[in-house]
Amino acid sequence: MSIMERFEEYWSGGDPVTMNRFLIKTITPMTTIVTSYVLFVTMIGPAIMKNRKPIQLRKLVIAYNFGLVAFYLYFLLRGAFFLPVLGFQFFCGSLNSYQSPIIPDVFNLGYQLYVIRCIELLDTVFLVLSKKFNMVTTLHVFHHSIVPVFGWFGFRSETSGYLAIFMAVNSCVHIVMYTYYAIAALGPKYRKYLWWKKYLTTLQILQFFVMTFYMNTMFAIGCTTSKFTFIFSTSLTVLFLFWFIIYYRQIYKSGDKQQVAEKNGIVSNGIHETNGINSKNVKLKNGLPAAYKNAMKKEK
């Protein structure tokens, strides 16, 4: 067998219907989207916008953020409907072997979430078009680009609801996070309602604790899941757990918060308070935020 044939054989153990859907059927759409995203937000976009004025996207961003809040509320409510029908099987067993007419709906809901997570790549695109290059950090880009990758491999190998709680907890955090973004995008006069920024960061850290504990516990009791899902998801949650703890300690326990954030480049999705829309325009030199620190001091 060729390398590609071995690859296809190994990653063909997921739900047979979902595996033949757009974005999942082959690896090409996912790799194209992720590669294009990384190239645009790190190279192409900044080069295009370098000598142009920031594009005003406030109204679009407000609608975008509230739209995501609405979807995640729908996702949680729809997912809760499956629990009474499937019970513990929903989390721990192979859904493909479970005789229930709602199984296609379960996988369809997961696929909808995957599509939305691809759409969330626009977060960074908005930052670039608004010329908030300082907010396009390594952590931010890595966080957004790794999700479609993980989702593709997960759908190609997973047949259980092993990641159900993972998705539910993350959706709760996204509801809070995008609500924060939406309020921030409304304008400076609404910033007085954003006093809970620190608690949002705490919530993000807590989710990684919960996810790590849950996934390891479910795997230990013998739930049906692929080894890839377990290793990949656990590694990501532990990685982000430490990343966010470092951010929290350096930002909220430091005297010069902004200086530490700039030095370490740890300003991730869910951390910057305006989603890159309402901050004052920063003069750039060679595409880099040369005067970012002074601009932020003036804004404060």
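Given the structure is predicted, the values throughout are model-derived calculations rather than measurements.

Participant: Explain the overall build of the chain to me, please; I cannot follow it from the model alone.
Facilitator: Check the secondary structure of the chain and you find 12 helices and zero strands. Listed N to C, the secondary structure of the chain is α-α-α-α-α-α-α-α-α-α-α-α in terms of helices and strands. Taking all 300 residues of the chain together, 51% fall into the buried category. Partitioning the intrachain contacts of the chain with sequence separation of at least 6 by distance along the chain shows that 81% fall at a separation of at least 24.

Participant: I would appreciate a short explanation of the pattern of salt bridges in the present structure.
Facilitator: Under the counting rule described, the total for this entry stands at two salt bridges. Among the ionic pairs, Arg 117 bridges to Glu 120, the shortest N-O distance being 3.4 Å. The exposure classification of Arg 117 matches that of Glu 120, with both residues buried.

Participant: I keep staring at a nonpolar patch on the surface and nothing clicks. Help me out?
Facilitator: Taken together, Leu 39, Met 43, Ile 44 and Ile 48 make up a surface patch of nonpolar side chains, about 360 Å² in accessible area. Counting through the fold element by element, Met 43 comes out in helix α2 (residues 28–49).

Participant: How should helix α7 (residues 138–157) be read in this particular structure?
Facilitator: Note on helix geometry: an α-helix contains 3.6 residues per turn, so any two residues three or four positions apart are oriented the same way. Compared with the 28 Å implied by 1.5 Å per residue over 20 residues, the 28 Å span of α7 between its first and last C-alpha is a close match. For α7, a buried count of 17 out of 20 residues is recorded, marking the element as mostly surrounded by other parts of the structure.

Participant: I tried to follow the layout of surface pockets on my own but got confused; where do I start?
Facilitator: Empty pockets left among the atoms are what a rolling probe the size of a water molecule brings to light. If you add up the space inside the largest pocket, you get close to 960 Å³. Forming the boundary of the largest pocket are 49 residues, of which Phe 75, Leu 113, Leu 163, Phe 166 and Met 167 lie nearest the centre. Going through the elements one at a time, α3 (58–86), α4 (89–92), α5 (103–119), α7, α8 (164–185), α9 (197–220) and α10 (227–252) are the ones with two or more residues in the lining of the largest pocket. Looking at the lining of the largest pocket, the element that brings in the most residues is α8, giving 10 residues. When its residues are assigned to classes, the lining of the largest pocket shows 32 nonpolar, 15 polar and two charged.

Participant: Got a minute to help me understand the environment of Thr 31 in this structure?
Facilitator: In this structure, Thr 31 sits in helix α2. On a C-alpha basis, the gap between Thr 31 and Ser 145 in space is 9.8 Å, while along the polypeptide they are 114 residues apart.

The rules behind each value
- Residues numbered from 1 in each chain as written.
- Predicted model: local features only at pLDDT ≥ 70, side-chain atom pairs only at ≥ 80, totals over all residues.
- Heavy atoms only, no water.
- Helix = DSSP H or I, 4+ residues; strand = E, 2+ residues; numbered from the N terminus.
- Buried < 20%, exposed > 50% of the residue type's maximum accessible area, 1.4 Å probe, protein only.
- Contact = heavy atoms within 4.5 Å.
- Salt bridge = Lys/Arg side-chain N within 4 Å of Asp/Glu carboxyl O.
- Patch = residues over 30% accessible without salt bridge, like charges linked within 9 Å, V, L, I, M, F, W, Y side chains within 5 Å.
- Areas by Shrake-Rupley, 256 points an atom, 1.4 Å probe, with all protein chains shown as cover.
- Expected span 1.5 Å × (residues − 1).
- 1 Å grid on protein atoms, 1.4 Å probe; cavity = no way out; pocket = protein on both sides within 12 Å on 5 of 7 lines; lining within 4 Å.
- Points joined across faces, edges and corners; volume = space filled by probe spheres on them.
- Nonpolar A, V, L, I, M, F, W, Y, C, P; charged D, E, K, R; others polar.

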